Amino acid sequence: MGIKIKIFMDNGKEYIIESKTLSKFEARIYNEMALGARVLANGMRHFELIDGKEAWINPSHISSFEIVEETVRKNADLENIRNSPYYNPDMELLKF
């Protein structure tokens, strides 16, 4: 369960990885700076690709990334979601 992310490098290479959340992926490639600023980390990071291979990627050479596929839990507890103070009933009416 998670998301598949395609990473595009400055040199034209592309990698597809899987991460539990976008936040966890971003935490691996960004360094937090003062006043909330973020910069791409300049150092090698280990990633497991979806085809079972491994890659060492320097985030400072990432030109962009995109979410390729998002897996949603089919057995989500909708009752708890609807009782949450952050629940917006208008979002259920939207079709994506």
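Here the structure is shown first, and the text comes after it.
By size, the foremost hydrophobic cluster in this structure holds 13 residues, and its most contacted members are I7, Y15, I17, F25 and I57. Those elements giving two or more residues to this core turn out to be β1 (3-9), β2 (14-19), α1 (22-29) and β6 (54-57). The biggest single contributor to this core is β1, with four residues. Non-local contacts of I57, meaning those with residues more than four positions away in its chain, are made with I7, M9, Y15, G43, M44, R45, F47 and I62.

Moving on: unusual backbone geometry. In this structure, L35 takes a positive phi of about 60 degrees despite not being glycine. Exposure remark for L35: the relative accessible area of 91% places this residue in the exposed category.

A separate point is the sheet that holds β1. One open sheet holds the three strands; their spatial order is β2-β1-β7, and the pairing between them is antiparallel. Each having just a single partner strand, β2 and β7 (62-70) make up the two edges of the open sheet. Sheet twist, expressed as the mean angle between neighbouring strand axes with direction ignored, is 25 degrees. Taken together, the six bridges between β1 and β2 define a ladder with antiparallel strand orientation. Considered in β2, the bridge of I7 is made with Y15. Against the sheet, α1 touches β1, β2 and β7, its axis set at about 160 degrees to β7.

Tallying each qualifying case throughout the model produces two aromatic pairs. Both rings, one in F25 and one in F47, keep their centres 6.2 Å apart while their planes meet at 50 degrees; by these two values the pair is tilted. Here F25 is found in helix α1, whereas its partner F47 is found in strand β5 (residues 45-48), with 22 residues between them in sequence. Across the pair, F47 and F25 agree in class, each one buried. Relative to F65, the ring of F25 lies with its centre 4.9 Å away and its plane at 75 degrees, an arrangement referred to as edge-to-face. One end of the pair, F25, is in helix α1; the other, F65, is in strand β7, and 40 residues separate them in sequence. Under the relative-accessibility criterion, F65 is labelled partly exposed at 26%. An aromatic cluster of at least three residues, connected via ring pairs, comprises F25, F47 and F65. Over the ring of F47 we find R28, and its NZ or CZ is 4.2 Å from the ring centre. Lying over the aromatic face of Y30, R38 brings its terminal NZ or CZ to 4.2 Å of the ring centre.

Rules behind the numbers
- Residues numbered from 1 in each chain as written.
- Predicted model: local features only at pLDDT ≥ 70, side-chain atom pairs only at ≥ 80, totals over all residues.
- Heavy atoms only, no water.
- Core = buried A, V, L, I, M, F, W, Y, C linked by side-chain atoms within 4.5 Å.
- Buried < 20%, exposed > 50% of the residue type's maximum accessible area, 1.4 Å probe, protein only.
- Helix = DSSP H or I, 4+ residues; strand = E, 2+ residues; numbered from the N terminus.
- Contact = heavy atoms within 4.5 Å.
- Pairing = 2+ DSSP bridges.
- Axes fitted to C-alpha atoms, helices over the stretch in contact; angles between N-to-C directions.
- Phe/Tyr/Trp six-rings, centres within 6.5 Å; stacked < 30°, edge-to-face > 60°.
- Lys NZ or Arg CZ within 6 Å of the ring centre and 35° of its normal.

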